[in-house]
Amino acid sequence: MNDPAVDLPEHHAGADERIVAATLQLLRDRGPAGVNVEAVAAASGVAKTTIYRRYEDREALLAAAIDAATTEVTLPTGMSTYDTLHWLLGAARVRVQEIVGRGTVAAILIDDDAPFTDQLRDMIRMRSHQLVAFLDEAVARGDLRAGLDVKLVVSVLLGSAVGHVIRGGEPDEVWADRLLTLLWPALTPPD
């Protein structure tokens, strides 16, 4: 059977972007079980042979897609702690919507692909260090409650975004406002 995708040369501009975009879309829609070279080839229009030249196997393909989609976030400066947290919730919302999606959330919850789940958890831990550092600095400045368990706060913030997706919603500005309105009194020093 002929491969319906066109076999693109190694240097073809856009092939890598199409492969990554197709992998992420499959991941969002179907979870890691829905990602394989055949499905990526069909979704991207890039031949399987071209994909195999770039990625050794499905795990390498997933790793490259997640890595490409999870660039380091640069925190804005000159904003209040509240506004920075609101901005960070927006960044988390985008990550959940554009990278994770319902398919990946479901796969993580049932842990049906342990290597992928471990890889995603490692990525989340690596990428959340900036938020932990920001919260630690806000505690040191007195903007947030002394003794605040910042790692728990990070889990609550990220978990809320994921939970909202599980319930069928798309985290948006209203969600971020409501979440911060709820949590702010618990995060800040008593009057």
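Residue numbers run consecutively from 1 along every chain, following the written order of its sequence. Selection of residues for local features in this predicted model requires a pLDDT of at least 70, selection of side-chain atom pairs for listing and counting requires 80 or more, and totals for whole chains, interfaces and linings are taken over all residues. Side-chain calculation: all heavy atoms of the structure are included, whereas hydrogens and water are not.

Considering the overall build of the protein
Then comes step 1: Each helix and strand in the protein was counted, giving nine helices and zero strands.
Then comes step 2: Along the chain direction, N to C, the helices and strands of the protein fall in the order α-α-α-α-α-α-α-α-α.
Then comes step 3: Two residues form a contact once any of their heavy atoms are found within 4.5 Å. Within the protein, counting contacts between residues at least 6 apart in sequence, those at least 24 apart form 69% of the total. Note on conventions: DSSP H or I runs of at least 4 residues are helices, E runs of at least 2 residues are strands, and numbering of each starts at the N terminus.

With respect to the nonpolar core
Then comes step 1: We call a set of buried residues a nonpolar core when its members are Ala, Val, Leu, Ile, Met, Phe, Trp, Tyr or Cys and they connect through side-chain atoms within 4.5 Å of each other. Buried means the residue's accessible area, taken with a 1.4 Å probe over protein chains only, is under 20% of the maximum for its type, while exposed means over 50%, and partly exposed covers the values in between. Ranked by size, the top nonpolar core spans 23 residues in total, and within it Ile19, Leu27, Val35, Val40, Ile51 and Leu61 carry the most contacts.
Then comes step 2: Contributing elements (two or more residues each) for this core: α1 (15-30), α2 (37-44), α4 (58-69) and α6 (114-127).
Then comes step 3: By residue number, the principal contributor to this core is α1, which donates seven residues.
Then comes step 4: Excluding residues that lie within four positions of it along the chain, Leu61 makes contacts with Ile19, Thr23, Val35, Val40, Ile51 and Tyr55.
Then comes step 5: In this structure, Leu135, Ala161, Ala176 and Leu179 belong to the second largest nonpolar core, which totals 21 residues.

Digging into the packing of α1 against α4
Then comes step 1: Helix axes are fitted to C-alpha atoms over the stretch in contact, other axes to C-alpha atoms as well, and angles between N-to-C directions run from 0 to 180 degrees. Contact geometry of α1 with α4 gives a least axis separation of 9 Å together with a crossing angle of 95 degrees. In terms of axis orientation, α1 runs roughly perpendicular to α4. Counted together, Ile19, Val20, Thr23, Leu24 and Leu27 of α1 and Leu61, Leu62, Ala65, Ile66, Ala68 and Ala69 of α4 form the full contact between these two elements.
Then comes step 2: Grouping the amino acids of the contact of α1 with α4 by side-chain chemistry returns ten nonpolar, one polar and no charged. Any angle between 65 and 115 degrees counts as roughly perpendicular, while under 35 counts as roughly parallel, over 145 as roughly antiparallel, and the rest as oblique. Classification used: nonpolar for Ala, Val, Leu, Ile, Met, Phe, Trp, Tyr, Cys and Pro, charged for Asp, Glu, Lys and Arg, polar for all others including Gly.

A closer look at α2
Then comes step 1: All buried positions along α2 are accounted for by Val37, Ala39, Val40, Ala41 and Ser44.
Then comes step 2: Elements in contact with the buried residues of α2: α1, α3 (48-54) and α4.
Then comes step 3: We call two N or O atoms a polar contact when they sit within 3.5 Å, provided that within protein one can donate a hydrogen and the other can accept it, with sequence-adjacent residues counted only if both atoms are side-chain atoms. Capping of α2 at its N-terminal end is provided by Asn36; its side-chain oxygen lies 3.1 Å from the backbone amide nitrogen of Glu38.

Points about a nonpolar patch on the surface
Then comes step 1: Residues forming no salt bridge and having over 30% relative accessible area are the ones grouped into patches, like charges within 9 Å of each other and nonpolar side chains (Val, Leu, Ile, Met, Phe, Trp, Tyr) within 5 Å. In short, Shrake-Rupley with a 1.4 Å probe defines the accessible areas, and a residue's cover is counted only from the protein chains shown. A side-chain nitrogen of Lys or Arg and a carboxyl oxygen of Asp or Glu constitute a salt bridge if their distance falls within 4 Å. There is a patch of nonpolar side chains on the surface, built from Leu109, Ile110 and Ile166 and spanning about 330 Å² of accessible area.
Then comes step 2: One can find Ile166 in helix α8 (residues 150-166).

A closer look at the pattern of salt bridges
Then comes step 1: Across all of its chains, the model carries three salt bridges by this definition.
Then comes step 2: The salt bridge involving Glu59 is made with Arg58; its shortest N-O contact spans 3.1 Å.
Then comes step 3: Judged by relative accessible area, Glu59 falls into the partly exposed class, the value being 41%.
Then comes step 4: A salt bridge links Asp143 to Arg141, with the nearest nitrogen and oxygen atoms 2.9 Å apart.
Then comes step 5: Note on Arg141: relative accessible area 47%, which makes it partly exposed.

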